[in-house]
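Here's the letter readout for the chains.
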Amino acid sequence: MSRAFFLLPFFCHLPLSRFVLEKKKKAKMEGDRATGADQVVGFGLVIFSLVTFTYYTIWVIILPFIDSDHIIHKYFLPREYAIIIPLAAGLFLLLFVGLFITYVMLKNRKPAKKTN
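On a predicted model such as this, the values are computed, not experimentally measured, just so you know.

Cut-offs and rules
Here the residue index of a chain counts from 1 through its sequence in written order. Since the coordinates come from a predicted model, pLDDT governs what is reported: local features require at least 70, and pairs of side-chain atoms require 80 or more to be given and counted, while whole-chain, interface and lining totals use all residues. Neither water nor hydrogens contribute to the side-chain values; these are computed over all heavy atoms in the structure. Secondary structure elements are taken from DSSP: a helix is a run of H or I of four residues or more, a strand is a run of E of two residues or more, and numbering for both begins at the N terminus. Note on classification: 1.4 Å probe, protein chains only; a residue is buried when its accessible area is under 20% of the maximum for its type, exposed when over 50%, partly exposed between these limits. Surface accessibility in these figures is a Shrake-Rupley result with a 1.4 Å probe; residues are shielded only by whichever protein chains are displayed. A cavity here means a set of points on a 1 Å grid, drawn over the protein atoms and nothing else, where a 1.4 Å probe fits but cannot get out; a pocket is an open set with protein on both sides within 12 Å along at least five of seven lines, and a residue lines either one if it has an atom within 4 Å of a point. Grid points are joined across faces, edges and corners, and a volume is the space filled by probe spheres set on the points. Nonpolar residues are Ala, Val, Leu, Ile, Met, Phe, Trp, Tyr, Cys and Pro. Charged residues are Asp, Glu, Lys and Arg, and all others, Gly as well, are polar. UniProt positions are given in the numbering used here, feature names are shortened, and annotations may be inferred rather than shown by experiment. Classification of ring pairs uses Phe, Tyr and Trp, with its six-membered ring standing for Trp, and accepts pairs whose centres are within 6.5 Å; under 30 degrees between planes counts as stacked, over 60 as edge-to-face, and the remaining range as tilted. To count toward a patch, a residue needs a relative accessible area over 30% and no salt bridge; like charges are then connected within 9 Å, while nonpolar side chains (Val, Leu, Ile, Met, Phe, Trp, Tyr) are connected within 5 Å. Definition used for salt bridges: Asp or Glu carboxyl oxygen within 4 Å of a side-chain nitrogen of Lys or Arg. Contacts are assigned to residue pairs that have any heavy atoms within 4.5 Å of one another. Nitrogen and oxygen atoms within 3.5 Å of one another constitute a polar contact, given that in protein one can donate a hydrogen and the other can accept it, and given that sequence-neighbouring residues count only through two side-chain atoms.

This brings us to the overall build of the protein. In terms of regular secondary structure, the protein is built from four helices and zero strands. Reading the protein from its N end, one meets helices and strands in the order α-α-α-α. The 116 residues of the protein split such that 4% are buried. Carbon and sulfur atoms make up 72% of the accessible area of the protein, which totals about 11,400 Å².

Now the structure itself:
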């Protein structure tokens, strides 16, 4: 077993864990169920993810074994896009995560004290 597994009980007693537990208790008292709109959005995201995963899996794994003159090929983009689209999506994700972290760090920056 790894050392991180043995250190896990020690990290559970950090002050942050007390904060998280208090927040969970408060949410339980207030009712932590998702509203109808949240459930619809969540269901839509799950369906979108499943459709995207199924399409990409068929496109990348199964389609190369089917003859190129088969009718199913007209429903899929050329194979080079199987690399370009996820690469571009990953770069945009990294860009927006970096922008978000930069924004939060600049927003929470404390002004420097002036020395006389």
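Rolled over the atoms, a probe with the dimensions of a water molecule shows which regions are left empty. Of the volumes computed, that of the largest pocket is approximately 150 Å³. As for the largest pocket, its lining consists of Phe48, Thr52, Tyr55, Tyr56, Trp59, Ile85, Pro86 and Ala89. Going through the elements one at a time, α3 (36-62) and α4 (81-107) are the ones with two or more residues in the lining of the largest pocket. When residues of the lining of the largest pocket are assigned to their parent elements, the largest contribution, five residues, is made by α3. The class makeup of the residues in the lining of the largest pocket is seven nonpolar, one polar and no charged.

Below, the discussion takes up the UniProt feature "transmembrane region" (unreviewed entry) in the protein. The residues that UniProt annotates with the feature "transmembrane region" (unreviewed entry) are residues 6-21, 41-62 and 82-106. With 100% helix and 0% strand, the stretch residues 41-62 has end C-alpha atoms that lie 30 Å from each other. The distance from the first to the last C-alpha atom of residues 82-106 is 37 Å, and the span holds 100% helix and 0% strand.

Quick look at the packing of aromatic side chains now. Centre-to-centre distance and the angle between the planes together describe a pair of aromatic rings. Summed over all chains, the structure comprises four aromatic pairs. Geometrically, the ring pair formed by Tyr55 and Phe76 is stacked, given 4.8 Å between the ring centres and 25° between the ring planes. Pair noted here: Tyr55 is in helix α3 and Phe76 is in the loop between α3 and α4, with a separation of 21 residues, a long-range link. What makes Tyr55 partly exposed here is its relative accessible area of 32%.

Together, Phe43, Val46, Ile47, Leu50 and Val51 line one region of the surface with nonpolar side chains, adding up to about 490 Å² of accessible area. The exposure class of Ile47 is partly exposed, given its relative accessible area of 38%.

Take the side chain of His73 next. Relative to the elements of secondary structure, His73 occurs in the loop between α3 and α4. Given the relative accessible area of 18%, His73 is considered buried. With residues near it in sequence (within four places) discarded, His73 still touches Leu63, Ile66, Asp67, Ser68 and Arg79.

Looking now at the environment of Trp59. With respect to the secondary-structure elements, Trp59 resides in helix α3. A sequence separation of 23 residues divides Trp59 from Ala82, and the C-alpha atoms of the two residues are 7.7 Å apart. Beyond its immediate chain neighbours, meaning those up to four positions away, Trp59 contacts Pro64, Phe76, Leu77, Pro78, Arg79, Tyr81, Ala82 and Ile85. In terms of polar contacts, Trp59 uses its side chain to reach the backbone carbonyl oxygen of Leu77, at 2.9 Å.

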